[in-house]
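# Inside the fold
Take a look at the letters that make up each chain.
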Amino acid sequence: MGAQRVAERFTELYGARPEGVWAAPGRVNLIGEHTDYNDGFVMPFALPHQAIAAVARRDDGLLRLHSADVQGGVAEMSLDTPAPQGAGDWTAYPAGVVWALREAGHEITGADIHLSSTVPAGAGLSSSAALEVVIALALDDLYELGVQPRQLARLCQRAENVYVGAPTGIMDQMASACCTVGHALFLDTRDLSQRQIPFDLAAGGLRLLVVDTRVKHAHNAGAYGKRRAGCEKGAALLGVDALRDIPYADLDAALARIGDEEEVVRLVRHVVTEDHRVERVVELLRAGEIRAVGPVLSEGHASLRDDFRVSCPELDLVVDTALANGALGARMTGGGFGGSAIVLAEAAEVNAVTKAVEEAFIAAGFTAPQIFEAVPSAGARRVN
Ligand code: GAF
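In this convention, every chain numbers its residues from 1, walking through the sequence in written order. Totals for whole chains, interfaces and linings use all residues, but because this is a predicted model, local features are given only for residues with pLDDT of at least 70 and pairs of side-chain atoms are given and counted only at 80 or more.

## Considerations on the domain arrangement of the protein
Along its sequence, the protein is organised into domain 1 (3–196 + 378–382) and domain 2 (200–373). Residue ranges for the domains trace back to a domain assignment, done automatically or taken from a database. For domain 1 and domain 2, the distance between their C-alpha centroids amounts to 26 Å. Looking at the side of domain 1 that touches domain 2, the elements with two or more residues in it are strand 1 (20–29) and strand 2 (41–42). A class-by-class count of the residues in the side of domain 1 that touches domain 2 yields 14 nonpolar, 11 polar and 3 charged. Each helix is a run of H or I in the DSSP string that is no shorter than four residues. Each strand is a run of E no shorter than two, and both are numbered from the N terminus. Residue type decides the class: Asp, Glu, Lys and Arg count as charged, Ala, Val, Leu, Ile, Met, Phe, Trp, Tyr, Cys and Pro as nonpolar, and the leftover types, Gly among them, as polar.

## Here's the deal with the site of the ligand
Placing a C-beta atom from the backbone of each residue, we mark the residue near a molecule or strand if the atom is within 6 Å of it. The environment of the ligand is made up of 11 residues, and the closest members are E33, T168, G169, G334 and G335. A per-class count over the shell around the ligand returns 2 nonpolar, 6 polar and 3 charged.

## A word on the packing of helix 7 (residues 251–258) against helix 8 (residues 262–286)
At a minimum axis separation of 10 Å, helix 7 and helix 8 run at an interaxial angle of 160°. With respect to each other, helix 7 and helix 8 are oriented roughly antiparallel. Considering only the axes of helix 7 and helix 8, their crossing is right-handed. From helix 7, L251, A254, L255 and I258 reach across to helix 8, where they touch V264, V265, V268, R269 and V272. In terms of residue class, the contact of helix 7 with helix 8 is made up of 8 nonpolar, no polar and 1 charged. An axis is simply a line fitted to the C-alpha atoms; with a helix, the fit covers only the stretch in contact. Between two such axes, the angle follows the N-to-C directions and lies from 0 to 180 degrees. Put simply, angles under 35 degrees are roughly parallel, angles over 145 are roughly antiparallel, angles from 65 to 115 are roughly perpendicular, and the rest are oblique. Handedness of each helix crossing follows the sense of rotation of the near helix against the far helix: counterclockwise by less than a right angle gives left-handed, clockwise gives right-handed. Throughout, a pair of residues is in contact if the C-beta atoms placed from their backbones lie within 7 Å.

## Quick look at unusual backbone geometry
Despite not being glycine, L192 shows a phi value in the positive range, around 65°. Positive phi values are uncommon outside glycine, yet R214 reaches one of about 70°. Relative to the helices and strands, R214 is located in the loop between strand 9 (206–212) and helix 6 (222–238).

## Examining the UniProt feature "site: Transition state stabilizer" (unreviewed entry) in the protein
Taking the UniProt record as the reference, the feature "site: Transition state stabilizer" (unreviewed entry) is found at R27. Summarising the element assignment, R27 is placed in strand 1. Residue burial is a threshold on neighbouring C-beta atoms within 10 Å of the residue's own C-beta, all placed from the backbone, with 20 or more meaning buried, 12 or fewer meaning exposed, and counts in between meaning partly exposed. Classification of R27 by C-beta neighbours within 10 Å gives buried; the count is 32. In contact with R27, not counting residues within four places along its chain, are P44, F45, A46, L47, L125, S126, D172, A175, S176 and C179. UniProt positions are given in the numbering used here, feature names are shortened, and annotations may be inferred rather than shown by experiment.

## Focus on helix 11 (residues 350–364)
An ideal rise of 1.5 Å per residue puts 21 Å on 15 residues; helix 11 measures up with 21 Å between its terminal C-alpha atoms. Once helix 11 finishes, G365 follows within two positions and takes phi at roughly 75°, a positive value. Expected span of a helix, by definition, is 1.5 Å for each gap between consecutive residues, and there is one gap fewer than residues.

## Quick look at the nonpolar core
A53, V133, V134, A330 and V343 are the most contacted members of the largest nonpolar core, which totals 115 residues. In terms of residue count, the dominant contributor to this core is helix 3 (residues 127–142) (10 residues). Two domains each donate at least three residues to this core, and these are domain 1 (3–196 + 378–382) and domain 2 (200–373). Put simply, a nonpolar core is a cluster of buried Ala, Val, Leu, Ile, Met, Phe, Trp, Tyr and Cys residues tied together by C-beta atoms within 7 Å.

## Things to note about the pairing of strand 9
The side chains of a regular strand alternate, first on one face of the sheet and then on the other. In terms of residue burial, strand 9 counts as a mostly covered element, since 7 of its 7 residues are buried. Of the two faces of strand 9, the one lined by L206, L208, V210 and D212 and the one lined by R207, L209 and V211 are each fully buried. Paired strands are those between which DSSP finds at least two bridges. For strand 9 and strand 11 (residues 340–346), the ladder comprises 7 bridges, and the chain directions are antiparallel. The residue bridging R207 from the neighbouring strand is A345, located in strand 11. When strand 9 meets strand 12 (residues 370–373), the two strands line up antiparallel, connected through 4 bridges. Within strand 12, the residue paired with V211 across the bridge is I371.

## Regarding the UniProt feature "binding site: Mg(2+)" (unreviewed entry) in the protein
Those residues carrying the UniProt feature "binding site: Mg(2+)" (unreviewed entry) are S128 and E160 in this numbering. Maximum C-alpha separation among the annotated residues is 8.5 Å over a sequence range of 33 residues, consistent with a single clustered spot. Within the element layout of this structure, S128 appears in helix 3. Checked against the element boundaries, E160 lands in helix 4 (residues 149–164). Contact partners of E160, with chain neighbours within four places excluded, come to G96, S128, E132, A166 and T168.

## Some remarks on the confidence of the model for the protein
Predictor confidence is given residue by residue as pLDDT, running from a minimum of 0 to a maximum of 100. Overall, the predicted model of the protein reaches an average pLDDT of 96, with 97% of residues at or above 70. Per-residue pLDDT, averaged within each element of the protein, yields its smallest value for strand 5 (residues 75–78) (95) and its largest for strand 2 (99). Across the assembled chains, the prediction reports ipTM 0.99 with pTM 0.97.

What follows is the structure, encoded as structure tokens:
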């Protein structure tokens, strides 16, 4: 649904025009997985898929929410309702953002909101961060809060961690808030310093495919939190604030110090090598060697599959099939346990790779995947 239709629907629902319309995208992460809650590096870029919100202020302490994507009428809640309430339905994301803004001392007196999103839900493409960021940006604009994008991203993360109850890092919110057209975002999640890295695949004769396996994932399920706790244990055993503080050159010595905690060894090895892979990809892109990024992506997948253990048969099948059919590199993207994989391929190979993956899914008896091309797109902005 485009911005104009979202505004029209708002008017039908609430009997008055919205004060504005905002958009915030989903993302794919090129490289740097499960590094963000270890203070490490990530490199996402924005998808053209986005959440769009038409919003108007209220002054009576009420929040009214409606989504074009979900069955049901307008949900109404008082801003004074005790929060956080733990994982609920989709309304927890916008409500959580309002809660986080107010908790941070910003005066929000209410809002009417109508939302529509083209970011596939549960596909590892940050549909929830898109919802959070679009609401944060709209309220920041309307209430003239003057909050910087990275601080808005932090507040959205707080909404997700505390109000929704999912222990995620900062990558997805920062990607949605800060990505720009034609670039990947090289982000240091410790201090949120960032560089926009030109990422023009088409000019290099390349394409990046997203393969949504349709296996739905959820961050508040225990497996994500368990990995996170394991990383924190690793950092504690090694006497550092976060695994980011283990230099790649010292990895073997660090692993030896962990001793026989085999699971912790695997988690630490993934995080430290993954941070190193992000730095390698930045170097390769700077040198104009986009094709050489492919094998680094595939290495990252092996590490997520074997060491971090967050892949699944469907994601592995995408990666194996793509690589066997001429792709330059492939890996799962996002939190894992389902969701999507990315495939870097020559433009001329895209049809063959797509067909091979579709056929492999049929042969394995898996649900047909959704495959589309990803082009680095705009971050959150006002659109009307
Ligand atoms: C999910 C989380 F939301 C991110 O913070 C990040 O940890 C990612 O999984 C894994 O890299 O998308």
